[in-house]
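# Examining the three-dimensional arrangement
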Amino acid sequence: MASQEDSAVNPVGKILSVCWNAGALAASYYDIDQLELYAVQQAIEPRPQYVLLRDLVQRYRPLYYVVTGPACFLEDCREVLGIPAAVANQPAPSDSVDQSGGNASQPLNVKIVEYTAQSQAQARGRLVAHKLAGMPPESSERECRTFLESIVPFEQELLVTSVGNLLLLLDTVGDTLSPAQLVTRINLVTPSTQLVIDGLTYEALQIFDASRHPSGFKCGTDTRGLSVYSLFNKCSSKNGEEWLSRLMTQPIRDRAELQHRHDTVQWLLANVRYANQFDQCLKHLTNVGLLYRKLLQGMARNVDWKMLKKNLYYLYSLCKLCALTLEDAQVAGTVVQELGQYTRNPTNALKHVLYTIDKCLDLEKGDEENKVTMRAGLDPAVDRLREQYDGMRKVVLESSRLGLETLQLDMANICVTYLPSFGFVISTQVDEQLQRSGIFQHESFDLVFQADNTAYFQISLCKELNDEFGQMVASMIEHELAVQTRLTTFVGTKFPEVMGVFKLAGKLDALLSFATVAKMHRYVRPLVCDGAKVLQIQGGRHVVLEHRRTYRANDTCVGETNHHLVNVIAADTSVGKTTYLKEVAIICYLAHVGSYVPAAYAKIPLLVSIYTRLDHPESIFSGRSSFMSELYQMASLLQNATASSLVLIDEFGKGTNYLEGKSLLIASIEHLLKRGDSAPITFVTTKFTGIERFLPTVHRNLLVRVHRTPTDRQSRSSTRTSDTLDVTSDDPADPTERLKATYQLAFRAVAFAVMKYHQAAGGQAPATESVRALMESTPITRVPEQCLEISHPPPSRAVQQHNKHANDDVTGDGT
C-alpha cells in the first residue's frame, strides 16, 4: 500500500471501506499518516446515482478499497470505481480508477467482501475486540463494547460491517505494528454535514488545477498553474498544507463549524501581532504521525527523537502563546481559544511527554554517537557500564588517531560506536576526501560494511575489545533498550491526545492562511444563512482571473427582492459568461470551507450541493463523445439537484446541431421551472440569443437577460475596458444595428463558403441551388427573413406615393 504523493489533493494516504445494501450506504476510511480511523454514518444512497459514494471517492482519493454489498452493488462499483469486469479478492495494483472525474491514473487495489450473515458477524466481532487508547488493559468484551458504543453507533449494521472489514484488512497488512497501535483513535463523521461537489466541478473551477492529457497517456503529469489552492496556500508548515487541502477538499454545510472558522479568521485579521507570533511557532512543525510510527516500529534514530521533541516544544510554545489571548472576549469560539485552554490543564500530555523525553534521552550526546543515548543518572547500573564503554571508545579513537591523521582525515567526522552485530567500529561519512585518502585499501582498516553514505571500519584493537568486553557492552545495550521501550510505551499512551493538539495547530495554520489571503486581496466575511434561499453578492470577483487581467466586479441577487431562482444569460459573443458562473460558484464554495470571499458583500445560503455543466476533460479512453459527456453531466445534475443546491449550466447543447442543442437546453430549463419554489438556484448561459421567445418569461421564478452584439464602435470600446460580463446592465445595442451586423456576418460566411466551392469546382460558378443550400447550412443565417428586411427595407409612404405617380405617368405614356 505505497502512498502516492499529491500535495494538493491527496497529501496523505487513505484506505476506504464501503458497505451498501437496500438503498443505504455506510463507509469508513483509515488515515495512514495520522493512524486514525473515521466512520461515516449510514445514509440513504439510491442506485444508480450513488451521490454519496462518488463524493467519498472524489473527496478522499483512496489508495485501497474494501467493497461490501450484494451483486448489484458490486456490478455498479465497476463503473463508479472503475473496477475491471473480473475482480478477485487479491489486490490489483495495475488497475486504474476513473473516480467520476478524479485522477484516472491513480493505482487501484480492491478487496471484495461478500455480504452475508457470516461476514457481518465476523466484522462485528473484530470491532468489539479492538483495543483503543483509553481502554483498561484487562477490559472484558462487554466493557470494550460499551466503550466503543460511545463512539460508533452499533445499531447501524452497515457501519459496523464497514469498520470491522477495515480492521480485518489492517490485520493482514504485514506491518510490524499491531492493530491496536495502527488505529489510535476512531472518529465519527456525519455525511449530512458535507457539501457535495463532484470531481468535474472541482476541475472546472480550478480549485486544484489537476490538468490531464487528452490522450490519457500522461495522466500522471501534473502541470499546476495558478489555482484556488495555490492562491490560498500561505501555510507555514507541511501540517498546515495538509489541513488546508483537507478543508478545501471537504466543504461542509455545518453552520456552527463554519461560524467557528469564520470567527477564527476574523480574530486573526484583528490581531496581526499575535498572528505573526503564531506563524513563528507553526513553521517548525512537521509530520508527527510519521515520527510516531517510526517509534512504534523500533526504527527511530536519535534524529527522530530530536525532531519529535522539537515538534512538541514548538507545539507547547504555540499553546502557551494562545493562552495569553484568553483575556480577549473576541477570542471565544475560535481555534486560538481551544489551544490556549489546553495548557491550563495541569495533566496535559504535551508537557508530560516533553519532560519525560528530556529526562530520559541525552539527544546532544546521541548526535555525537549517532545512536539513541540514555541520560546519565537515570539508572545507576547503566551509568557504570556507560563509563567503561566511554573509556573503551576513547582508547579505540586514540589508537586509530595516528593512522587517520596520516590519511589526512578530519577527526571531527570520525566516531567510534558499538554495533551488536559487529562490535566496536569506527564510522565516518563517505565523501570525496575519504575516497582520496586510500582508507579502503589500507591494511590496518578493515571495511565491515557501508550503508546510508556511512562507512564502518575495524582495527585490530576493535576485535580485541570485542572478545574481552563484548558481553559487558551487550548488557548495557540491553538495559538501554528496556528503558527506550518503556519510554516508547509511555509516548504511545499519550499520542492520541498529542495528535489532537497537533491537528488543532494544523487547522490554525490553514485558517491563518485564509486570513493572510483575505488581508492581501480585500476579501470580506460572508453571511451564511440557514433556511433562507438568498444569494446576494455585491462586487463579486473571480479569485484567479483578477490576478491575471483587468476584471470588472459583478453583482448577483437571487431571492432577496425577487423569486428568480432560474437565471438565463444569453449572449452571442464572448462577454465573460463562463467566468461569471465560475465566480459565483467559487464564492459559494469558499464560504462553505470557512474562508472569506472576494466581494464587497456576500450573503450565501447554506447549500447541500453544487452541480455544474461547465466543461469536461476529453480523453480517448473515456469512450464518450463530447456531447455524450455533456448529456451525462446534465442527467446527473437534473437527477441529484435539490431545492438547496446551486446549479450552473454553461452553453449546454453546443456539442450537437443548433436545433437539437437549443431544444435540449429549453427542455432542461422548463424541467427546473416545473419545480416551482423547490427549484435550485440556477444560472444558465447560452449563445442562443433568441431563447426568450421559447421560454415562459412571465414565470415568477425565471429571469432572462439577453446581451446581443453591439456596434463596431461599442465593441471596440468594450474591448478596451474589460472582457468580463456585467450582468446588471441593460443591453444598449440598437436592434437595427444588431440585425445589420448579423447580415454582414452572414454575408461574409456565405461568401467564404462560395469561394471555397469555386476553388474546389475548378473555377466554375456554383448553381443557384448550391448557393441556397449553403445559405441554409450556415448557422449564422438562421434569421434570413430579418436579414432580408434589413437589406431591403420597405419604402416609406412618401416614396410609395411618388412611385405610384411615376408608374401612372409611364402607363399613360405607354397608352
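Note that the structure is predicted; figures quoted are calculated from it, not measured. (Residues numbered from 1 in each chain as written. Predicted model: local features only at pLDDT ≥ 70, side-chain atom pairs only at ≥ 80, totals over all residues. Heavy atoms only, no water.)

Let's shift gears to the overall build of the chain. Within the chain, the secondary structure is distributed over 27 helices and 21 strands. Classification of the 815 residues of the chain by burial places 49% in the buried group. Summing over all exposed atoms, the chain offers an accessible surface of approximately 38100 Å²; the carbon and sulfur share of this is 52%. (Helix = DSSP H or I, 4+ residues; strand = E, 2+ residues; numbered from the N terminus. Buried < 20%, exposed > 50% of the residue type's maximum accessible area, 1.4 Å probe, protein only. Areas by Shrake-Rupley, 256 points an atom, 1.4 Å probe, with all protein chains shown as cover.)

A few words now on helix α22 (residues 658-673). Over its 16 residues, α22 runs 23 Å from end to end, which matches the ideal 22 Å to within 8%, given 1.5 Å per residue. The set of residues buried in α22 consists of G661, K662, L665, I666, S668, I669, L672 and L673. Projected down its long axis, α22 carries its buried residues within an arc of 160°, all on one side. Where α22 is buried, its residues contact β16 (566-571), α21 (626-640), β20 (681-686) and β21 (702-707). (Expected span 1.5 Å × (residues − 1). Arc of directions from axis to C-beta. Contact = heavy atoms within 4.5 Å.)

Overall, parallel pairing links the six strands, which are arranged β8-β18-β19-β20-β16-β21 in an open sheet. A strand with exactly one partner marks an edge of an open sheet, and here the two such strands are β8 (196-197) and β21. With five bridges connecting them, strand β19 (residues 645-650) and β20 associate as parallel partners. From the neighbouring strand, V647 faces β20, where its bridge partner is T682. (Pairing = 2+ DSSP bridges.)

Pairs can form between side chains of opposite charge whenever their charged atoms are close. For the structure on display, the rule yields 17 salt bridges. A salt bridge links D358 to R375; the shortest N-O distance between them is 3.9 Å. Note that D358 is positioned in helix α15 (residues 349-360) and R375 in the loop between α16 (363-369) and α17 (380-406), a separation of 17 residues in sequence. With relative accessibility at 37%, the residue D358 sits in the partly exposed group. Looking at R375, the relative accessible area reads 28%, which means it is partly exposed. Taking the shortest distance from any N to any O, the salt bridge between K577 and E651 comes out at 3.7 Å. Of this pair, K577 sits in helix α20 (residues 577-591) while E651 is found in the loop between β19 and α22, placing the two residues 74 residues apart along the sequence. A single salt-bridge network, built from bridges that share partners, covers E257, R261 and K507. (Salt bridge = Lys/Arg side-chain N within 4 Å of Asp/Glu carboxyl O.)

Positionally, A22 belongs in the loop between β1 (14-21) and β2 (24-31). Classification of A22 as exposed rests on a relative accessible area of 69%. Here the alpha-carbon distance between A22 and I44, two residues 22 residues apart in the chain, equals 9.1 Å.

Take the pairing of β20 next. Of all the six residues making up β20, six are buried; the element is thus mostly covered by neighbouring parts of the structure. A two-sided burial pattern is seen for β20, the buried positions comprising I681, F683 and T685 on one face and T682, V684 and T686 on the other. Relative to β20, β16 runs parallel, the two being bridged by five bridges. The partner of V568 across the bridge, within β20, is V684.

Our next topic: the sheet that holds strand β11 (residues 446-451). Within the open sheet, the four strands sit side by side as β9-β10-β12-β11. Their pairing is antiparallel. Across the chains shown, the open sheet's two edge strands, defined by having one partner strand only, are β9 (415-419) and β11. Across the sheet, the mean angle separating the axes of adjacent strands is 35° when strand polarity is ignored. Bridging between strand β10 (residues 423-429) and strand β12 (residues 454-458) involves four bridges; their strand directions are antiparallel. Bridging across to β12, Q429 finds its partner in T454. (Axes fitted to C-alpha atoms, helices over the stretch in contact; angles between N-to-C directions.)

So, about helix α9 (residues 238-249). Compared with an ideal rise of 1.5 Å per residue, which puts 12 residues at 16 Å, α9 spans 16 Å between its outermost C-alpha atoms and is within 8% of the ideal. Taken across its 12 residues, α9 has 10 buried, putting it largely inside the fold.

Quick look at the pairing of β2 now. Burial of β2 is extensive: eight of the eight residues sit out of reach of the surface. Side chains A24, A26, S28 and Y30 of β2 all project onto a buried face; the interleaved residues L25, A27, Y29 and D31 project onto the opposite face, where all are buried too. Relative to β2, β1 runs antiparallel, the two being bridged by eight bridges. Across the sheet, residue C19 finds its bridge partner in β2, namely A26. Hairpin geometry of β1 and β2 is characterised by an intervening segment of two residues between the two adjacent antiparallel strands and by a positive phi of about 55° at A22. With seven bridges joining them, β2 and strand β3 (residues 36-44) adopt antiparallel strand pairing. Bridge assignment links A27 to a residue of β3, and that residue is V40.

This part takes up the nonpolar core. Taken as a class, soluble globular proteins show a tendency for nonpolar side chains to be buried jointly. Among the nonpolar cores identified, the biggest contains 133 residues, and F278, W305, L535 and F683 are the most heavily contacted of them. Every residue in contact with F278, bar those within four places of it in the chain, is listed here: W267, L268, L318, L321, C322, V336 and L508. (Core = buried A, V, L, I, M, F, W, Y, C linked by side-chain atoms within 4.5 Å.)

Next up on the list: the packing of helix α10 (residues 255-270) against helix α14 (residues 335-342). Packed helices, taken two at a time, are described by the angle between their axes plus the distance between the axes. Between α10 and α14, the least distance of the axes is 8 Å, while the angle of their chain directions is 85°. Classified by the interaxial angle, the pair formed by α10 and α14 is roughly perpendicular. In contact with H260, T264, W267 and L268 of α10, α14 contributes V335, V336 and E338. Tallied by class, residues from the contact of α10 with α14 come to four nonpolar, two polar and one charged. (Parallel < 35°, antiparallel > 145°, perpendicular 65-115°, else oblique. Nonpolar A, V, L, I, M, F, W, Y, C, P; charged D, E, K, R; others polar.)

Another aspect to go through is the confidence of the model for the chain. When the pLDDT values of the chain are averaged, the result is 77; 75% of them are 70 or greater. Low confidence marks residues 809-815, where pLDDT is under 50. Its contacts with residues over four positions away, or in another chain, come to zero contacts. (pLDDT = per-residue confidence, 0-100.)

A positive phi angle, close to 55°, is found at A22, a residue other than glycine. Non-glycine residue Q206 carries a positive phi angle of around 55°. Taking the relative accessible area as the measure of exposure, Q206 reaches 27% and is therefore partly exposed.

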